[in-house]
Amino acid sequence: MARCVIFNDFRVLFDAFARLFVEHYYRTFHSNPHALGGLYLDYSMLTIEGENIQGAAAIAAKLTSHPFQLCAHAISTVDCQPSGHPGGVLVFVSGSLQLGGEQHPRKFSQMFHLIPTPQGSFYVLNDIFRLNYAQVY
Amino acid sequence: MDPDAVAKAFVEHYYRTFDSNRQALGGLYQDGSMLTFEGDKIQGAAAIVAKLTSLPFQQCAHAISTVDCQPSGPPGGVLVFVSGSLQLGGEQHSLKFSQMFHLIPTPQGSFYVLNDIFRLNYA
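Note that the structure is predicted; figures quoted are calculated from it, not measured.

What counts and how
Residues numbered from 1 in each chain as written. Chains lettered and ligands numbered in written order. Predicted model: local features only at pLDDT ≥ 70, side-chain atom pairs only at ≥ 80, totals over all residues. Heavy atoms only, no water. Helix = DSSP H or I, 4+ residues; strand = E, 2+ residues; numbered from the N terminus. Polar contact = N/O pair within 3.5 Å; in protein donor to acceptor, adjacent residues only side chain to side chain. Contact = heavy atoms within 4.5 Å. 1 Å grid on protein atoms, 1.4 Å probe; cavity = no way out; pocket = protein on both sides within 12 Å on 5 of 7 lines; lining within 4 Å. Points joined across faces, edges and corners; volume = space filled by probe spheres on them. Nonpolar A, V, L, I, M, F, W, Y, C, P; charged D, E, K, R; others polar. Buried area = accessible area lost by both parts, 1.4 Å probe. Salt bridge = Lys/Arg side-chain N within 4 Å of Asp/Glu carboxyl O.

Chemist: I keep staring at the side chain of Ser 109 of chain A and nothing clicks. Help me out?
Modeler: Among the secondary structure elements, Ser 109 of chain A is positioned in strand β5 (residues 106–116). Within polar-contact distance, the side chain of Ser 109 of chain A engages the side chain of Asn 132 of chain A at 3.0 Å. Within the structure, Ser 109 of chain A has its side chain in polar contact with the side chain of Ser 98 of chain B (distance 2.8 Å). Beyond its immediate chain neighbours, meaning those up to four positions away, Ser 109 of chain A contacts Val 93, Ser 94, Ile 128, Phe 129, Arg 130 and Asn 132 of chain A together with Phe 81, Ser 98 and Asn 121 of chain B.

Chemist: What is the right way to look at empty space enclosed by the protein in this model?
Modeler: It is the rolling of a water-molecule-sized probe over the atoms that shows where space remains empty. Taken as a whole and judged by the stated rule, the model has one cavity of 30 Å³ or more. Taken as a whole, the largest cavity encloses approximately 40 Å³ of empty space. Of the residues contributing to the lining of the largest cavity, the split by class is six nonpolar, two polar and no charged.

Chemist: Would you explain the interface of chain A and chain B in this entry?
Modeler: If you look at the interface, chain A gives 32 residues, while chain B gives 32 residues. Carbon and sulfur atoms supply 59% of the area buried between chain A and chain B, which totals about 2,600 Å² over both sides. Connecting chain A to chain B are three salt bridges. A salt bridge links Asp 15 of chain A to Lys 41 of chain B; its shortest N-O distance comes to 2.5 Å. In this assembly, chain A and chain B are joined by 16 residue pairs in polar contact (both at pLDDT 80 or more). For the side of chain A that touches chain B, the elements supplying multiple residues, two or more each, are α1 (10–31), β1 (40–48), β3 (72–82), β4 (89–98), β5 and β6 (122–132) of chain A. Across the side of chain A that touches chain B, the residue classes tally to 12 nonpolar, 14 polar and six charged.

Right, dumping it as structure tokens:
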């Protein structure tokens, strides 16, 4: 459904874009994780719980492997800023995720650096993911 | 320069300065720098320092759990992703947080913070 809206503030556009990306990313993760590879390129980088992975193929393989199969995300916060790279956007997400086979959801934080493609969409250049472990008193 | 070394040195310096003398953080930002702090958007070194020094606590101690980094694309840029906890003076329990920085090299051979996003991680 198309809506015509006039934005006074470009920050509103950035925020809307970031939200759209996040929704698309986590929906794809849950419903069709093999399609995630299409969001990365050969020099994209993923750091997931301290492990560094480079390139769309290796990243897609990681994200479709245990324990990330059957994974459902719930997003709490989305923050974004322009990154200084032409048209680049930094997106910072926090939320919780239910890993397959686990009883309780875990909290996580993740950041993406999105770069525009000549075709008018975006790819993920940088992706860093960390689980946020519960405090033990 | 090695991004890991840059990230480690920056993180140590940033949180040591934050915990001892927040006013001095201004030197790490420039006019185009952006901070999003718990959803509040602030731009420019002066406004950022004003925000950080106006936070409602006197004493703060950060404990860093993880530091991840990657080169960001623009020549020499480094993305730094931090998680840890912070203890405010007089509070019984510490708060967990995540923060990301985008560091850009200066002509003088150091780095400044172009992007800074901070979020508490609530239980």
